[in-house]
Amino acid sequence: MDQDDILQWPCERLLTRHPYAKDFFQSCGLPPVGKKQTAGELFNELAAEQLEALGMDAAQLADKFLSFLEQMEHLRSLKPGKTRRVTVVGGRDKSGREENVRLTFEAGEVVAVVGPTGAGKSMLLSDIECMAQGDTPSGRRILIDDSVPDEGERLSGQHRLVAQLSQNMNFVMDLSVGDFLGMHAQSRLAEDMDGIVAQVLTTAVGLAGEPFDEHTQVTSLSGGQSRALMIADVACLSASPIVLIDEIENAGVDRRRALNLLVKKEKIVLMATHDPLLALSGDRRLVIRNGGIAAVLETSEDEHAVLGQLEAMDRRLSSLRDQLREGKRIEKGW
């Protein structure tokens, strides 16, 4: 980046190449810039009172601006390439027995993780989230595209390879849905922020089945609406190619539609679940016992047939729930 040259760019060109420069100007309380005005001219034309309020002179402000642009370009460079596969190299169960497995999951694949409560399903998801390298209680190792993940990226949290949707998702910032999505779109350096925010919102409302809009405060969303918003956000806006879901059946969302959405976005989806419909929706299911991967089962043709029956039952139950919500009586033989 030729810093001196950038200070001489007309702001029309500057904002086209570095749209986030506008955020710097606004955060400093600077006046609106003209299309032909340069950043250097803007800084040099500021009144002494304005510079005093900022606690720096024009040259220091220019240096701070250039440093800001460099940091934003660095963030842009951190966007990961398209991850195609994740490999889990087995460790050991709670009794110390070796798992003796090496499992590879491809982009667009849905894998169910099943087993009794406390069996260790969440531990497997946690190992993938932190990209374990034999340094967790399970002793498992995680490879990304057949390679050991970079240690710096793994520990810094900046790799953004994994998005996790947990059972309980509560917002603590009292923002509107539109502001929340706008902040995320801005942090992702999205080019069409208004368009992507609208897409995420429309998708989330469709998943939740309960209407809300961009003016709704995130702290007032129901559990189902919150989870729907985050699933839509991960599918449409997040660059994370790996999605870990813990018991989506408790989310109050259209879970089949949510899975289909993530698969269409070429995500690698692993979900811990007790729901038969979801378990049979996966390409494979991992059976967890005593903290270890005890079996790997491919979904069979017979199970696909059972899945069709479960989906029909689920549609009937959904219809019944809607009738009850609307205050209708349930007739015999519904």
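Quick note: structure is the one above.
This text gives an overview of the structure that appears in the document. Since the structure is predicted, the reported quantities are computational estimates derived from the model, not experimental observations. (Residues numbered from 1 in each chain as written. Predicted model: local features only at pLDDT ≥ 70, side-chain atom pairs only at ≥ 80, totals over all residues. Heavy atoms only, no water.)

Re the pattern of salt bridges
Scanning the model with the defined rule gives twelve salt bridges in all. Two residues, Glu266 and Arg84, come together in a salt bridge whose shortest N-O distance is 3.5 Å. Residue Glu266 is found in the loop between helix H12 (255–264) and strand E7 (268–272), and its partner Arg84 is found in the loop between helix H6 (58–77) and strand E1 (85–89); the two are separated by 182 residues along the sequence. According to the relative accessible area criterion, Glu266 is partly exposed, its value standing at 30%. Under the relative-accessibility criterion, Arg84 is labelled partly exposed at 33%. (Salt bridge = Lys/Arg side-chain N within 4 Å of Asp/Glu carboxyl O. Helix = DSSP H or I, 4+ residues; strand = E, 2+ residues; numbered from the N terminus. Buried < 20%, exposed > 50% of the residue type's maximum accessible area, 1.4 Å probe, protein only.)

Here's the deal with the packing of aromatic side chains
Inspection of every chain in the model, using the stated rule, returns six aromatic pairs. Seen from their ring centres, Phe24 and Phe68 are 5.5 Å apart, and the 40° between their planes marks the pair as tilted. Of this pair, Phe24 sits in helix H3 (residues 21–27) while Phe68 sits in helix H6, placing them 44 residues apart in sequence. Relative accessible area serves as the criterion here: at 4%, Phe24 is assigned to the buried category. Centre to centre, the rings of Phe43 and Phe65 are 5.5 Å apart; their planes meet at 70°, and the pair counts as edge-to-face. Highlighted residues: Phe43 in helix H4 (residues 39–44) and Phe65 in helix H6, separated in sequence by 22 residues. One aromatic cluster is present, built from ring pairs that chain together Phe24, Phe25, Phe43, Phe65 and Phe68. (Phe/Tyr/Trp six-rings, centres within 6.5 Å; stacked < 30°, edge-to-face > 60°.)

Regarding the packing of helix H10 (residues 193–208) against helix H11 (residues 223–236)
A pair of packed helices is captured by two measures, namely the crossing angle of their axes and the spacing between those axes. Where H10 contacts H11, the two axes come as close as 8 Å, and the packing angle between them is 135°. Regarding the angle of H10 to H11, the classification is oblique. At the point where H10 passes H11, the crossing takes the right-handed sense. Of the residues in H11, those touching H10 at Ile196, Gln199, Val200, Thr203, Ala204, Leu207 and Ala208 are Gly224, Gln225, Ala228, Leu229, Ile231, Ala232, Asp233 and Cys236. When grouped by side-chain class, the residues that make up the contact of H10 with H11 number ten nonpolar, four polar and one charged. (Axes fitted to C-alpha atoms, helices over the stretch in contact; angles between N-to-C directions. Parallel < 35°, antiparallel > 145°, perpendicular 65-115°, else oblique. Left-handed = near helix turned anticlockwise from the far one by under 90°. Contact = heavy atoms within 4.5 Å. Nonpolar A, V, L, I, M, F, W, Y, C, P; charged D, E, K, R; others polar.)

A few points about the side chain of Thr136
Within the secondary structure, Thr136 is located in the loop between helix H7 (121–129) and strand E4 (141–144). Judged by relative accessible area, Thr136 falls into the buried class, the value being 15%. Thr136 has contacts with Arg92, Asp127 and Cys130, leaving out every residue within four places of it along the chain.

Quick word on the nonpolar core
Ranked by internal contacts, the top residues of the largest apolar core, which has 44 residues, are Val177, Leu181, Val200 and Leu229. When near neighbours in sequence (up to four residues on either side) are disregarded, Leu181 contacts Val197, Val200, Leu201, Leu229, Asp233 and Leu237. (Core = buried A, V, L, I, M, F, W, Y, C linked by side-chain atoms within 4.5 Å.)

Concerning the packing of helix H9 (residues 177–187) against H11
With their axes 12 Å apart at the nearest point, H9 and H11 run at an angle of 25° to one another. Between H9 and H11, the interaxial angle falls into the category roughly parallel. Both H9 and H11 take part in a crossing whose hand is right-handed. In this structure, H9 uses Val177, Phe180, Leu181 and His184 to contact H11, whose residues at the interface are Leu229, Met230 and Asp233.

Considerations on a nonpolar patch on the surface
Taken together, Leu317, Leu324, Ile330 and Trp334 make up a surface patch of nonpolar side chains, about 370 Å² in accessible area. Secondary-structure assignment places Leu317 in helix H14 (residues 301–325). (Patch = residues over 30% accessible without salt bridge, like charges linked within 9 Å, V, L, I, M, F, W, Y side chains within 5 Å. Areas by Shrake-Rupley, 256 points an atom, 1.4 Å probe, with all protein chains shown as cover.)

Some words on the sheet that holds strand E3 (residues 110–114)
The sheet built from six strands is open, its strands ordered E5-E6-E7-E3-E8-E9 with mixed pairing. The open sheet is flanked by strand E5 (162–165) and strand E9 (292–298), the only strands paired with a single partner. Between one strand and the next, the sheet's axes are offset by a mean angle of 20°, whatever the strand orientation. The pairing of E3 with E7 spans four bridges and is classified as parallel. What sits directly across from Val111, in E7, is Leu270. Sitting on the sheet, H11 is in contact with E5 and strand E6 (242–246), with an inclination near 165° to E5. (Pairing = 2+ DSSP bridges.)

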